[in-house]
Amino acid sequence: MRAHAGSPGTALYISGGTILVHAGATIDTAVDLCAIGARGVSTEPDGTIVIGACTPVAELARSGEAAVAAGGILSRAAHGVANHTIRNLATVGGNLVAWHFPTDLPPVFLALDAVMRVHTSDGAKDVTLDAFYTRRREVFRRGDLITGVRVPSSSALRGAFHKVGRKRLDVAIASAAAVVNASDGGAPDVRLALGGLRVAPLRARDAESYLTENGLDAATIRKAAVIAVDAASPRGDRRATADYRRAAAVAAAVRVLTEAAGLEG
Ligand SMILES: Cc1cc2nc3c(=O)[nH]c(=O)nc-3n(C[C@H](O)[C@H](O)[C@H](O)COP(=O)(O)OP(=O)(O)OC[C@H]3O[C@@H](n4cnc5c(N)ncnc54)[C@H](O)[C@@H]3O)c2cc1C
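Predicted model only: the values in this text are computed from it and were never measured.

Student: What exactly am I supposed to notice about the site of the ligand here?
Tutor: Not every one of the 31 residues close to the ligand is listed here, only the nearest: G16, I19, G93, G94 and T103. Looking at the shell around the ligand, the elements that each hand over two or more residues are strand 1 (10-14), helix 4 (84-89), helix 5 (92-97) and strand 7 (145-151). Broken down by element, the shell around the ligand gets its largest block of residues, 4 residues, from helix 5. Counting contributing residues per domain, the shell around the ligand is built from domain 1 (1-36) and domain 2 (37-151), each supplying no fewer than three.

Right under this line is the structure:
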């Protein structure tokens, strides 16, 4: 069994099955992962939001429990995925794994410090989104299944997500998600994640440290956005040149940091 599309004769695990739009001709057998259940959104007593991997993106978008996360960042990002038909099919787990596309939810979950529950042949384990995107071969083997995502309590935080695409029904040329806690008057706690720039989404740790040390204002945010995008070395492809993608990513990062810091307008 393979977990990725490949040559003819391949069998593929599917959740929502939207990958078959691209890989269908090469797949002989599709195995429905969501027969395991793992659907729905709930909240634990400590405020942790638990999202089943098989929850359709449309269900995440209208979930009252998910809307509490960092001022609604998850709901807004889920609502912006493709169109109604794709959102009804595509699942949260699939959106996190289908990283041959720059999908929308990974930067948001990265900025929320989310952790995936992964079922392996040796039992279940927790994998941070950060580890999944930076050390995937090490932490996620062929045949492993994501069963859910846990988002630590974030109701006191502000978050923002922005995606730059050619049109609505397309994946991002560049995207950015920011989550900020500036409420206690001390050094701001800032998380910034970028999507679409390279194969995997990434946390912008250097930019986060810069902002924590230098505070949040228009000048530091602009500088942090440039630090973040420079570190990511955006690629060029059929959707955008590297220069265009770089400019789009800087603009997206400035926008989400400004919004999450409450500095807009
Ligand atoms: C026309 C079109 C427009 C799109 N526009 C957008 C957009 O605007 N924004 C966006 O974010 N995305 C967009 N997408 C991508 C789409 O959101 C993803 O294809 C989708 O989220 C994948 O979810 P799925 O449940 O359909 O996964 P599937 O197609 O079922 O699976 C995708 C891959 O993930 C693996 N997988 C799925 N679930 C799990 C799991 N629980 N554990 C382990 N492996 C798993 C499968 O084996 C497969 O390799 C678009 C896709 C299409 C076809």
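Still more ground to cover, so stick around.
Student: I'm lost on the environment of G262 in this one. Help?
Tutor: Topologically, G262 is positioned in the segment after helix 11 (242-260). A residue is classified by how many C-beta atoms lie within 10 Å of it, and G262, with 14 of them, is partly exposed. C-alpha separation for the pair G262 and V180, spaced 82 residues apart in sequence, amounts to 9.1 Å.

Student: Could you clarify how one ought to interpret helix 11 in this entry?
Tutor: Given 3.6 residues to a turn, an α-helix orients residues that are three or four positions apart in the same direction. Between the first and last C-alpha of helix 11 there are 27 Å, a value that for 19 residues agrees with the 27 Å anticipated at 1.5 Å per step. Regarding helix 11, the residues found buried are R245, R246, A248, A249, A252, A253, V254, V256, L257, T258, E259 and A260. Buried residues in helix 11 make contact with strand 8 (158-164), strand 9 (174-181), strand 10 (189-195) and helix 10 (218-232). Count one or two residues on from helix 11 and you reach G262, which has phi positive near 75°.

Student: Sorry, what's going on with the packing of helix 9 (residues 205-214) against helix 10 here?
Tutor: To characterise two packed helices, one gives the angle between the axes of the helices and the distance between these axes. Remark: helix 9 packs on helix 10, axes separated minimally by 8 Å, with the N-to-C direction vectors making an angle of 160°. Classed by the angle they form, the pair helix 9 and helix 10 counts as roughly antiparallel. Crossing geometry of helix 9 relative to helix 10 is assigned as right-handed. The segment helix 9 lies against helix 10, with D206, A207, Y210, L211 and N214 engaging T220, K223, A224, I227, A228 and A231.

Student: Looking at this structure, how should I read the domain arrangement of the protein?
Tutor: Often, the extent of an interface is quoted as the loss of accessible area on bringing the components together. You can read the domains of the protein as domain 1 (1-36), domain 2 (37-151) and domain 3 (158-260). Facing 22 residues of domain 2, the contacting portion of domain 3 comprises 24 residues. Of all the secondary structure elements, the ones that give two or more residues to the side of domain 2 that touches domain 3 are helix 3 (73-79), helix 6 (105-111) and helix 7 (129-134). Classifying every residue of the side of domain 2 that touches domain 3 by side-chain character gives 14 nonpolar, 4 polar and 4 charged.

Student: It is not clear to me how the sheet that holds strand 4 (residues 49-52) should be interpreted in this structure. Could you clarify?
Tutor: Hydrogen bonds along the backbone pair up the strands of a sheet, which may run parallel or antiparallel. Taken together, 5 strands build an open sheet; the order of strands is 3-4-7-5-6 and the sheet is antiparallel. A strand with exactly one partner marks an edge of an open sheet, and here the two such strands are strand 3 (41-43) and strand 6 (123-128). Taking the axes of each pair of neighbouring strands and ignoring which way they run, one obtains an average angle of 25° across the sheet. The pairing of strand 3 with strand 4 spans 3 bridges and is classified as antiparallel. Bridge assignment links T43 to a residue of strand 4, and that residue is I49.

Rules and cut-offs
Residues numbered from 1 in each chain as written. Predicted model: local features only at pLDDT ≥ 70, side-chain atom pairs only at ≥ 80, totals over all residues. Near = placed C-beta within 6 Å. Helix = DSSP H or I, 4+ residues; strand = E, 2+ residues; numbered from the N terminus. Domains from an automatic or database assignment. Buried ≥ 20, exposed ≤ 12 C-beta atoms within 10 Å, placed from the backbone. Expected span 1.5 Å × (residues − 1). Contact = placed C-beta atoms within 7 Å. Axes fitted to C-alpha atoms, helices over the stretch in contact; angles between N-to-C directions. Parallel < 35°, antiparallel > 145°, perpendicular 65-115°, else oblique. Left-handed = near helix turned anticlockwise from the far one by under 90°. Nonpolar A, V, L, I, M, F, W, Y, C, P; charged D, E, K, R; others polar. Pairing = 2+ DSSP bridges.

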